[in-house]
Every structure is written in structure tokens, then in C-alpha cells.
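The chain contents come next:
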Amino acid sequence: MEKSSSKNNQQKRFILTFIVLGAAAVVVIIIGLTLWMSAGARSATDKAVDQVSRFYMRELADRRSQAVSGMINQRLAEMRRALKLITPEDLSSQETLRAAIGRVEALYGLDLYALADEDNVVYTDLSTYMGGSRYGFLSQDPMDDPVISTVSLYGVKKQVCLAIPVRDLRFMGKNLKACFVEIDVGDFVNTLAFDAEESESFFCLYYRNGENLTQLDFGSIRANENLLRVMQEKLPEAEWRQLEENFQQGLAGSAEFSSSGSRELLYYAPIPDTSWMITVMIPESLIHDQIRGFSDETLTRSTVQIAVTCIVLLLYFGTVILMLRKAAGAVLEEERQNARDFSRKAEE
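Here's a quick rundown of the structure.

Rules used throughout
- Residues numbered from 1 in each chain as written.
- Predicted model: local features only at pLDDT ≥ 70, side-chain atom pairs only at ≥ 80, totals over all residues.
- Heavy atoms only, no water.
- Pairing = 2+ DSSP bridges.
- Helix = DSSP H or I, 4+ residues; strand = E, 2+ residues; numbered from the N terminus.
- Axes fitted to C-alpha atoms, helices over the stretch in contact; angles between N-to-C directions.
- Contact = heavy atoms within 4.5 Å.
- Patch = residues over 30% accessible without salt bridge, like charges linked within 9 Å, V, L, I, M, F, W, Y side chains within 5 Å.
- Areas by Shrake-Rupley, 256 points an atom, 1.4 Å probe, with all protein chains shown as cover.
- Salt bridge = Lys/Arg side-chain N within 4 Å of Asp/Glu carboxyl O.

**Remarks on the sheet that holds strand β9 (residues 253–259)**
Then step 1. Strand order in this open sheet of four strands is β8-β11-β10-β9, and the pairing throughout is antiparallel. Where the open sheet ends on each side, the last strands, each with one partner, are β8 (202–207) and β9. Within the sheet, the average angular offset between the axes of one strand and its neighbour, ignoring direction, is 25°.
Then step 2. Across six bridges, β8 lies against strand β11 (residues 276–283) in antiparallel orientation. Residue pairing for β11: Tyr 206 is matched across the bridge by Met 277.
Then step 3. Where helix α4 (residues 227–234) meets the sheet, it contacts β8, β9, β10 (262–270) and β11, and its direction lies at approximately 60° from that of β9.
Then step 4. Lying over the sheet, helix α5 (residues 237–249) contacts β8, β9, β10 and β11, oriented at roughly 30° with respect to β10.

**Things to note about a nonpolar patch on the surface**
Then step 1. There is a patch of nonpolar side chains on the surface, built from Val 304, Val 308 and Val 312 and spanning about 240 Å² of accessible area.
Then step 2. The topology assignment puts Val 312 in helix α6 (residues 285–347).

**Regarding the pairing of β10**
Then step 1. The pairing of β9 with β10 spans seven bridges and is antiparallel. Considered in β10, the bridge of Ala 255 is made with Leu 266.
Then step 2. Examined bridge by bridge, β10 and β11 share seven bridges and lie antiparallel to one another. Note on β11: the bridge partner recorded for Pro 270 is Met 277.
Then step 3. Turn length for the β10-β11 hairpin, with the two strands adjacent in sequence and antiparallel, is five residues, and the turn residue Asp 273 shows positive phi of about 65°.

See below:
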């Protein structure tokens with residue numbers, strides 16, 4: 001009888017130990033999987049932030065590039081239409097030509113509309129002057145395609161100059177070879193900033209040598225600073241060389257750098273038919289915080305769900321252990337009672 005009772009006790013202890021160890025193993029596995037999934041989710045979030053940021057900036061740059069290019073093409077189309085409005089009577093004298101130029105400026109809202117002849121004499125609605133030293137496109141002979149350039153007013157203020165060739169028009173015995181307009185750079189700046197809600201995004205136009213075309217601050221980069229020189233101090237040598245090469249060749253690209261303790265994302269792309277580069281800069285946290293917020297919320301819900309599962313499992317295994325112990329106690333008590341009955345009968 002004693003041997004049977006000892007054997008039963010050993011079996012019960014083995015079952016209880018197995019259940020306890022199994023419960024602990026299940027909890028450990030669940031917690032380990034939770035930590036592994038959390039680390040993987042954060043890594044995936046960081047990769048998603050990088051991809052979304054680059055896509056977001058590329059879309060912003062493309063939209064601004066199309067807006068600037070569309071503005072230029074619109075002006076070029078207006079210039080071609082304006083040429084068709086000039087009649088032989090308008091070319092009969094200085095007075096009639098100036099009057100015609102004034103009508104064109106009023107019709108299309110231009111700051112300056114001018115014609116230039118084969119001797120580089122420029123005719124506007126108010127004056128006549130030699131333009132060879134000021135307008136580089138006048139040195140092209142022949143001038144076959146539209147030319148987009150910039151000129152400085154009063155030594156500082158910049159104007160964008162759009163020029164197209166002129167055919168079959170003569171004035172005062174000379175062939176007219178070019179028609180051009182000047183547009184304030186501020187008009188292009190307004191085109192870049194047409195989305196007011198994107199207040200944390202910065203836009204700018206640069207020449208391919210890194211000089212600022214708009215003369216406005218670009219985020220933490222001052223207006224009078226050369227973008228390439230600033231980036232040389234912020235980027236590793238290889239990345240800066242790639243940035244410089246892309247600018248010189250008019251290729252799109254991106255870069256990341258630190259400024260005032262925060263990470264900044266820079267994207268740049270060429271403006272078609274110009275020597276300009278449009279640049280976009282946003283803080284990394286602009287997108288990272290938004291995506292990380294959704295990720296953290298999902299991870300929090302998953303963690304709560306797993307914690308509840310662990311608690312339920314622990315309660316379940318605890319209940320099973322208590323029931324087994326209770327059942328074992330009942331069996332043990334029954335065996336003791338049988339032993340007492342057997343002893344009493346043996347005495348009788």
C-alpha cells in the first residue's frame with residue numbers, strides 16, 4: 001500500500017511539474033515573439049518612412065517643377081502670339097512700335113516686353129538702348145531656339161529673361177532677331193509656395209553651381225549661401241561628390257543631413273529647358289512621427305492583446321494545477337481512509 005501511494009505521489013508531482021514548465025515555456029515563447037515582432041515592426045517602420053519620405057518629396061518637387069515649367073511655357077506662348085499682333089504699321093516708326101509694345105505689356109501683364117535687332121539694339125515701350133552687354137542671348141547668331149536666362153537689376157534684384165527668335169520682321173531697315181520679356185523672380189517664388197498647408201516644407205530654385213536664384217532663405221540655409229558649399233560641410237565626401245555631380249549634370253537625387261540637432265531630407269530635380277534645380281527640404285520627423293504614431297498604436301494594441309492572452313493562460317494553467325492538487329488531495333484522503341479501514345479490520 002505504501003509503495004502504491006508513493007508511486008502515485010511521484011506521478012502527480014511529475015504531472016504538476018510538466019504543467020508548470022509547459023505554462024512557463026508558452027509564456028516565454030509569446031513574450032519572445034512579441035519582442036521580436038516589435039523590433040521587426042520598428043525596423044519596417046523606419047524603412048517605410050524612408051521610402052514614403054522620398055516619394056513624398058519627389059512628388060512635391062515634380063509638382064513645383066511642372067508649375068514653374070508651365071509658367072515659362074505659358075509666357076513663351078504669349079510672346080509668340082504677341083509677335084503676330086505686330087503689324088507693318090506698328091513698324092513704321094519709333095512711336096508706333098513703342099505704342100504696340102505698350103499694348104502687348106498691358107494685354108499680358110508683363111513688366112517688360114522688348115524687341116532686338118541684328119545690331120543688338122533693344123526697343124521697349126519707353127526707350128532704345130544697346131543690349132549686347134546685358135543680354136547674353138543676343139550674341140547667338142543665328143538664334144534658333146528659345147533662351148531662358150537671368151539678368152540683374154540694380155546689381156542685386158534678379159529677373160528671369162525669356163527670349164525667342166524673330167523671323168521676317170524688319171524695323172528701320174534692320175532685321176529684328178529676338179523678342180524677350182523679363183519676369184520678376186518673385187513670381188516663381190509664389191509658384192513654388194502655392195500649397196499653404198505644407199508649411200514645414202521648404203522650396204527653392206538654385207543654379208547648377210549652387211547659387212540661390214530666388215535670393216530667399218531655404219530652411220536653415222541662408223539666401224546668400226551656396227548650397228553646394230553648405231552641403232560639403234554636412235555630408236560625407238562621397239555623398240557630397242555625388243550631389244555636386246548631379247547638380248552639374250542636371251540629375252535628380254536626394255541627401256540626408258543634420259541641422260541644429262535634427263535630421264533634414266533634401267531632394268532636388270532639374271527644371272526642364274533651364275539651368276535651374278528645384279530643391280525641396282523637409283524635417284525627417286514630419287513623416288516619421290506620423291507613421292511612427294500609427295505603428296506605435298498598432299504595437300500597443302498587439303502588446304495589450306498578448307498580455308491579456310498571457311494572463312488568461314496563466315489563470316487557466318493555475319486553475320488546472322489547483323484542480324489537480326485538489327483531486328490529488330481527495331485521492332490521498334481516500335487512500336488514507338482505506339488504510340485505516342484495512343488496519344481496523346486487521347485488528348478485529
